[in-house]
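Geometric and topological summary
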Amino acid sequence: KMEGMASGSGSGSMRVGARVQIDTPEGGDKGSVRYVGPVKGAKNPVYVGIEFDQKKPRGHDGTVKGNQYFKCTKGFGSYMHPKRVLAGMSFVDGLNIRYGAKPDPDQA
């Protein structure tokens, strides 16, 4: 199991366990990052493995071509290019912004 981070089109970087949303015209599906790294046989060097909150028609259990990169309930997993994944703000960052320890990046 590889755990790491990757930059997406959202704010900051994604880490295993982070809550994310997929950038789609429909508004995006939400889920949690379960894997960040290479996927054997895929064309891009890094993918984000996501366990979605709701079952997807083409979802899986974290396994691709016999290689399991993370585990989740069958139908809830998918791998996305990092540019399509919008990372959310961490709880600690939210507290720091709310109580003045960090400036709000949207207000700068």
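In case you missed it, the structure is sitting above this.
What comes next concerns the included structure.

Looking at the sheet that holds strand β9 (residues 85-87)
- Spatially, five strands are ordered β8-β5-β4-β3-β9 in an open sheet, and the strand pairing comes out antiparallel. Two strands bound the open sheet, and with one partner strand each, they are β8 (77-80) and β9. Across the sheet, the mean angle from the axis of one strand to that of its neighbour is 45°, orientation sign disregarded.

Let's talk about the environment of V48
- Counting through the fold element by element, V48 comes out in strand β5 (residues 47-52).
- In this structure V48 comes out as buried when scored by relative accessible area, which is 0%.
- Considered as a pair, V48 and R84 are 36 residues apart in the sequence and their alpha carbons are 9.4 Å apart.
- The contact partners of V48, leaving out residues within four places of it in the chain, are M14, V33, Y35, S78, Y79, M80, P82 and V85.

Describing the pattern of salt bridges
- Going through the model one piece at a time under the given rule, you end up with three salt bridges.
- R19 is paired through a salt bridge with D53; the nearest N and O atoms lie 2.7 Å apart. With R19 in strand β3 (residues 19-22) and D53 in the loop between β5 and β6 (63-64), this pair connects stretches of sequence that are 34 residues apart.
- The partly exposed category is assigned to R19, whose relative accessible area is 42%.

As for the pairing of β5
- Among the six residues in β5, five count as buried, and that is most of the element.
- Judged from the six bridges that link them, strand β4 (residues 30-37) and β5 form a sheet pairing that is antiparallel. Across the sheet, residue S32 finds its bridge partner in β5, namely E51.
- The pairing of β5 with β8 spans four bridges and is classified as antiparallel. Following the sheet pairing, V48 is matched in β8 by M80.

A few points about the packing of aromatic side chains
- Tallied over the entire structure, the rule returns four aromatic pairs.
- Their ring planes at 85° and their centres at 6.2 Å tell us that Y35 and Y79 sit as a pair that is edge-to-face. Placement of the pair is Y35 in strand β4 and Y79 in strand β8, with a sequence separation of 44 residues.
- Under the relative-accessibility criterion, Y79 is labelled buried at 15%.
- Where Y69 meets Y79, the ring centres are 5.9 Å apart and the plane angle is 85°; that geometry is what we call edge-to-face. With Y69 in the loop between β7 (67-68) and β8 and Y79 in strand β8, the pair connects residues that are ten residues apart, well separated along the chain. Each of the two residues, Y69 as well as Y79, counts as buried.
- Put simply, the rings of Y35, Y69, F70 and Y79 pair up and form one aromatic cluster.

Calculation rules
- Residues numbered from 1 in each chain as written.
- Predicted model: local features only at pLDDT ≥ 70, side-chain atom pairs only at ≥ 80, totals over all residues.
- Heavy atoms only, no water.
- Pairing = 2+ DSSP bridges.
- Helix = DSSP H or I, 4+ residues; strand = E, 2+ residues; numbered from the N terminus.
- Axes fitted to C-alpha atoms, helices over the stretch in contact; angles between N-to-C directions.
- Buried < 20%, exposed > 50% of the residue type's maximum accessible area, 1.4 Å probe, protein only.
- Contact = heavy atoms within 4.5 Å.
- Salt bridge = Lys/Arg side-chain N within 4 Å of Asp/Glu carboxyl O.
- Phe/Tyr/Trp six-rings, centres within 6.5 Å; stacked < 30°, edge-to-face > 60°.

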